[in-house]
Structure formats: C-alpha cells, structure tokens
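Next come the chains, spelled out residue by residue.
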Amino acid sequence: MKAIIDSSTVRAIKFNSDGATKHYYNALKEGRFQSTQCQQCNHIPFPPRMFCPQCGSTDIQWIDLPKQGTLYAFTQQSRALRFNAPDVIGLVSLPDIGMILTKIDAPIEQLSIGQTVEWNTFKVDDRLTVHQFHPIT
Amino acid sequence: MKNHKIAMIGAAMSPITKYIEEPIFDLARRTIEDAIVDAGIDRHSVDGLSITPPSLAYHNTAMFVSRLGEHLGISLKSLACTENGGCSAALALRWAIMEVALGQCDVAVALGVDQRLKEMPAPGETIEAFMDRSIHGTVAVYSSYDGAYGLGPPIPYYAMAAQRYMHEAGATKEDLAWAAIRLREHANKNPAAMFHNKALTIEDMNEATDFIPPLRLSDCSQFVTGAGAVVIANERVASSLNTTPVWLRGWGQSHHPSAFCNSSDNISRYPAVEASANQAFEQANVTRQDIDVAEVYGVFSATELMLCEEIGFFPRGKSGVAFKEGKTTYGGDIVIDPSGGRLSLGHPACATPMLEAYEIFKQLRGEAETRQVPNAKLGLLHAEHGMLNGSAISIWERDNA
C-alpha cells in the first residue's frame, strides 16, 4: 500500500504543479529547504512563487529558509495514510515568512505552542523528500 | 439589491441520511420538483437552473445540470454549474439571484446535492485506482506543497485552528462542547436531521477521547447524503402568488488570498467572514441584534464558535459562554442553526448552503413546525470555502405586508 500511496502522491504533485514546484522538491532532495525572494521588494512568499505575489515582479531568486522556527500549532492523525500512525503534523512559523504545514518528528506529548523547532529532511521514497521539524532542547 | 427586489418563494430538502439507495440523479430531480411544488408555481414557469453537483463524491459531473434540465423536461433560459468548495451551493443560489436581477429569468431554481459513497473503492474499482483518485483529489485541494503531508479530510487544519482559538481567545473544550450540545438539541426538534433523537450531554463530551486533538468526534460534522433546492423569483412573480415572499435584503462575499490555511497571518481569524458580514449588513441596513435566526457553516464546534464571532454576534472568545447560557437557542438572543447545524443536521458539503437556505426560508415563512423561532422576521445564512478563507453571507426578510 505504501508504494501505491507514494506513487500516486508523486504523480498528483506533478499534475498539480506550478512553476516553482519542481525546483522546490529537487532542492529538498539535496537537503535544502527553499523558497523564493523578490529582488524588487524583498518579499518571501511560502510556498515559493515564480513571481512576487506582493509587487508582481518576476525578478525572483531562490533562497535557503531559516533552520529554526517556532511551533505555532500541532495535532495528530491516528489513521494516517502517508506516514506511520500516529502522524504528528504541525504549523511552524518561520521568521518573516509565515506558517508552514509540516510533519513533526516527535510525539505529541512532547510538544507545546511556542517551542523552538528545527527542520531536517524526510525521504518518503526515491522520488519524494519532504521537510519535517523537531523540537530542540 | 438596490434596484431589483428578489424573493425566495419556495424551498425543499431531502432528509439527511448517511447513504442513499436510489441514484443521486433521482434525489436531485425530486428535490427540485418538491421546491417547485412548495412555491406553488407552474413547473414550466421555471426558466433558470443553477446547481452544485455532488463533485466531492463523483468525478464525472460534467454537464450534470444539462442532463437535469433534459430529465425535468423544462425549457430554460439559463443553466450553470458552480464550484468553489463549501461555498459552491451558495454560488448556485447567487447565480439564480443574479439571473433574476438581470432580467434574464423570472423564476430560477438553485440546487445543491451531495452523496457519501457507500462503497469505496467503487464496485469494480481497484484499490490502486481508488487511492490514486483520492490522493489526486486531496493534493489538488491542498496544493502540490501541503498535499505531500498525507491529509485526507481537512480535519487536522481545523483542529489546529481550534487549538489556536483556545490558546489566543481563552476558549475551552467545554465551550466547544456546548456548541455541539446546542446543535444536537436543535436536531432533536428536526426529524430531517441525521442526528435526530440522539442525545448528547456535557458528560458525553467530557468523557470523549480526542479524535484529532483537541477535537473529539462529536466536535466534527459527518459527511453525509442530502439535497436542497430553493426557488428564486422577481417581484412580479413573487407578488402574484398567494404566499408570503421572503425578500433578499443584503449579500456579502469575500475571499482572503489563501486557499486552505491562512498561512500568512492567523489560522483562527477569518477576515473574509468578517468582510462578507460587514457587506451584507451594510446592504441590508440592519444590525446584528436585528437577526432572529441564522444558519452558519460551522463544520466543527470550534469553527461554529469562531464564525459567530467573525460575523459579529458575540465578541472574540465569548461564543462558548453564549452557547452554554442559552443565548443561541430558543428564548435567547438569536437562534443559531435551528436545523441542527452541520454537526447534527449532517453535512453533505455541496448541498449544505441550500439546506441552510431551506431552513431560513421555512423559519421566515413561519412553517418550521416544532422548531419554529417565534416571530422570525430577519434571517442570515452563511457559507464558506477552504478553511473559512472565503465566505458568502446573505440576509433575508419575511414580507411584512
């Protein structure tokens, strides 16, 4: 079943891509968590965009996102499809960027709002790597 | 609606059930016919049909509205299919209103219908094909970025919004529980409700374990089967009938530039709801206190509370107490979700706004039987899409002639 879900997810991501999706996932595969930054107004959207949603400029560059953020909210799915159950997920607030939906690599009992968390990558399979965050103590 | 008076003249809904045995096409057709009969008009006077097909359950709903038109055997001047998540059926209603306001149609019917599939995978469908279809569906909604995180239904997003609401506004799990309990009490007056005659007490809620923390199962709505339809008419048609029209007083609509999670800002605040409410109240020229009855699209208990605050019925963080103290039920300040709401009426998503419209229509007509809100004159109905990223609110008034 995992192979079926992974294959479908990879194809669904490709099918629902925008211009930034491919670069974004390729960077994660290489261990880099990136978004785009507008070279005109410095705005950093997340998810990445090949244009600036604030000023409309197409003058953008890929940048590395900060290593640490703040845990903004979290929950868990006990009937998880993608990862092992229970699947802890959360929203992490990155400075100046906003909230990012992510996998949390820690039991829910160890989490609290406002904790400092740090990202690393999680390899789903050869074709797909995602970001995940864990609390640092 | 400054220049054109628009009336709701008829409405119908099916009982809300988990599954249905008949083809959904028949349910849709019958609900339309029931609404036309309720309006007391010749079926051939209908010249507009706008619908939301059961697109959450079915993928092949192309030209569903044309097939319905053919099936009904009615010549139409306008047909449309509207889709934007939870707001879909509100937009079908909006389409009917606009066609009548523009003079394209005299009488337009709007329908919302949805169905929970009994067999997943569908008969003859492989597990691979079913998983592929499901995953494509969710990634399409949550984007190629959030879509990788294995969310099926959007419950985790709403759970995190509830957590933030409690964290920021001081709401408690007891507050959430009271929203669920009041809605269940309302459903117990409504024989069409999915959870009719099923008691829910504070003890039940306190003893329940978390489903997706901090939400318990009874904090969540169930995706089920149902259909609703309303008939919209211009002033000439509405005034020619021997029934009491329900007039549109105001409409507001707004969309925040986010699709599911307001990730730039705050996931427990919903500026689109507030903006659409402000527009609707301004156009209607009435106050929050003037509203007698409201149907809101609160798909989770915490969402129900937050919505009541964004619409402006209660201050931030204070809805839970209002629900507990009975301010949102019979004998209180305003009756919120006399139908039982999404939690206890049941939530066939693509039909829900039309079920709300049905309830408001029946309440304002004085035809809501055992759940009638006494002297209901002004009603509000609300729908949202995404996680309240977008909102549509309308205000309706019983003819006082």
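Residues numbered from 1 in each chain as written. Chains lettered and ligands numbered in written order. Predicted model: local features only at pLDDT ≥ 70, side-chain atom pairs only at ≥ 80, totals over all residues.

## Description of the overall build of chain B
From N to C terminus, chain B includes 13 helices and 12 strands. Taking 2.2 N^0.38 as the reference for a compact globule, 401 residues should give roughly 21 Å; the C-alpha atoms of chain B span a radius of gyration of 20 Å, in line with that estimate. Taken over the C-alpha atoms alone, chain B extends approximately 55 × 55 × 40 Å along its principal axes. The buried share among the 401 residues of chain B stands at 58%. Long-range pairs, those at least 24 residues apart, make up 79% of the contacts in chain B with a sequence separation of at least 6. (Helix = DSSP H or I, 4+ residues; strand = E, 2+ residues; numbered from the N terminus. Rg over C-alpha atoms; globule rule 2.2 N^0.38 Å. Buried ≥ 20, exposed ≤ 12 C-beta atoms within 10 Å, placed from the backbone. Contact = placed C-beta atoms within 7 Å.)

## What about the overall build of chain A?
Broken down by element type, chain A carries two helices and seven strands. For a compact globule of 137 residues, the expected C-alpha radius of gyration is about 14 Å, and chain A comes in at 16 Å, within 12% of that figure. Viewed in the frame of its principal axes, chain A has a C-alpha envelope of about 45 × 35 × 20 Å. Counting every position in chain A, which comprises 137 residues, the buried fraction comes to 34%. Looking at chain A alone, contacts between residues at least 24 apart form 45% of all its contacts between residues at least 6 apart.

## Considerations on the pairing of strand E11 (residues 378-385) of chain B
All names here are of chain B. Counting buried residues in E11 gives eight out of eight residues, a clear majority hidden from the surface. Neither face of E11 is left uncovered, since the one carrying Leu-378, Leu-380, His-382 and Glu-384 and the one carrying Gly-379, Leu-381, Ala-383 and His-385 both have all their residues buried. Pairing of strand E9 (residues 293-295) with E11 involves three bridges; the strand directions are parallel. Opposite Val-293, over in E11, you have Gly-379 as the bridge partner. As paired elements, E11 and strand E12 (residues 390-398) share eight bridges and run antiparallel to each other. For Ala-383, the partnering residue across the bridge sits in E12 and is Ala-392. Between E11 and E12, which pair antiparallel and follow one another directly, the connecting turn spans four residues, one of which, Gly-386, has a positive phi of 65°. (Pairing = 2+ DSSP bridges.)

## Notes on the interface of chain A and chain B
In many reports, interface size means the accessible area that the parts give up when they come together. Facing the 34 residues of chain A at the interface are 28 residues of chain B. Contributing elements (two or more residues each) for the side of chain A that touches chain B: helix H1 (2-15), strand E3 (68-77), strand E4 (87-94), strand E5 (98-104) and strand E7 (128-135) of chain A. Per-element accounting of the side of chain A that touches chain B gives the leading share, seven residues, to H1 of chain A. In the side of chain A that touches chain B, the residues fall into 21 nonpolar, nine polar and four charged. (Nonpolar A, V, L, I, M, F, W, Y, C, P; charged D, E, K, R; others polar.)

## Overview of the packing of helix H9 (residues 271-284) of chain B against helix H10 (residues 301-311) of chain B
Residues and elements named next belong to chain B. At a minimum axis separation of 8 Å, H9 and H10 run at an interaxial angle of 45°. If you check the angle between H9 and H10, you find them oblique. For the pair H9 and H10, the crossing hand works out as right-handed. Contacts between H9 and H10 involve Val-273, Glu-274 and Ala-277 on the former and, on the latter, Leu-307, Glu-310 and Ile-311. Grouping the constituent residues of the contact of H9 with H10 by class yields four nonpolar, no polar and two charged. (Axes fitted to C-alpha atoms, helices over the stretch in contact; angles between N-to-C directions. Parallel < 35°, antiparallel > 145°, perpendicular 65-115°, else oblique. Left-handed = near helix turned anticlockwise from the far one by under 90°.)

## What about the sheet that holds strand E10 (residues 335-336) of chain B?
Residue and element names in this part refer to chain B. Reading across from one edge, E3-E2-E4-E7-E1-E8-E12-E11-E9-E10 is the order of the 10 strands in this open sheet, with mixed pairing throughout. Sheet topology places strand E3 (78-81) and E10 at the edges, where each strand pairs with a single neighbour. In the sheet, strand E4 (residues 107-114) pairs with strand E7 (residues 226-234) via eight bridges, with the strands oriented antiparallel. Bridged to Val-109 within E7 is Val-231. H9 rests against strand E8 (246-255), E11 and E12 of the sheet, and its axis sits at about 150° to E8. Contacts between helix H13 (residues 352-365) and the sheet are confined to strand E1 (6-13), E4, E7, E8, E9, E11 and E12, with E7 contributing the most and set at about 60° to the helix.

## Regarding the confidence of the model for chain B
Predicted confidence across chain B gives a mean pLDDT of 94, with 98% of residues reaching 70 or more. Note on the complex model: pTM 0.96, ipTM 0.96. (pLDDT = per-residue confidence, 0-100.)

## Some details on the environment of Leu-65 of chain A
Residues and elements named next belong to chain A. Relative to the elements of secondary structure, Leu-65 occurs in the loop between strand E2 (60-64) and E3. Sequence separation of Leu-65 and Ile-44 is 21 residues, and the distance between their C-alpha atoms is 9.5 Å. The residues contacting Leu-65, other than those within four sequence positions of it, are Phe-33, Gln-34, Ser-35, Leu-94 and Ile-97.

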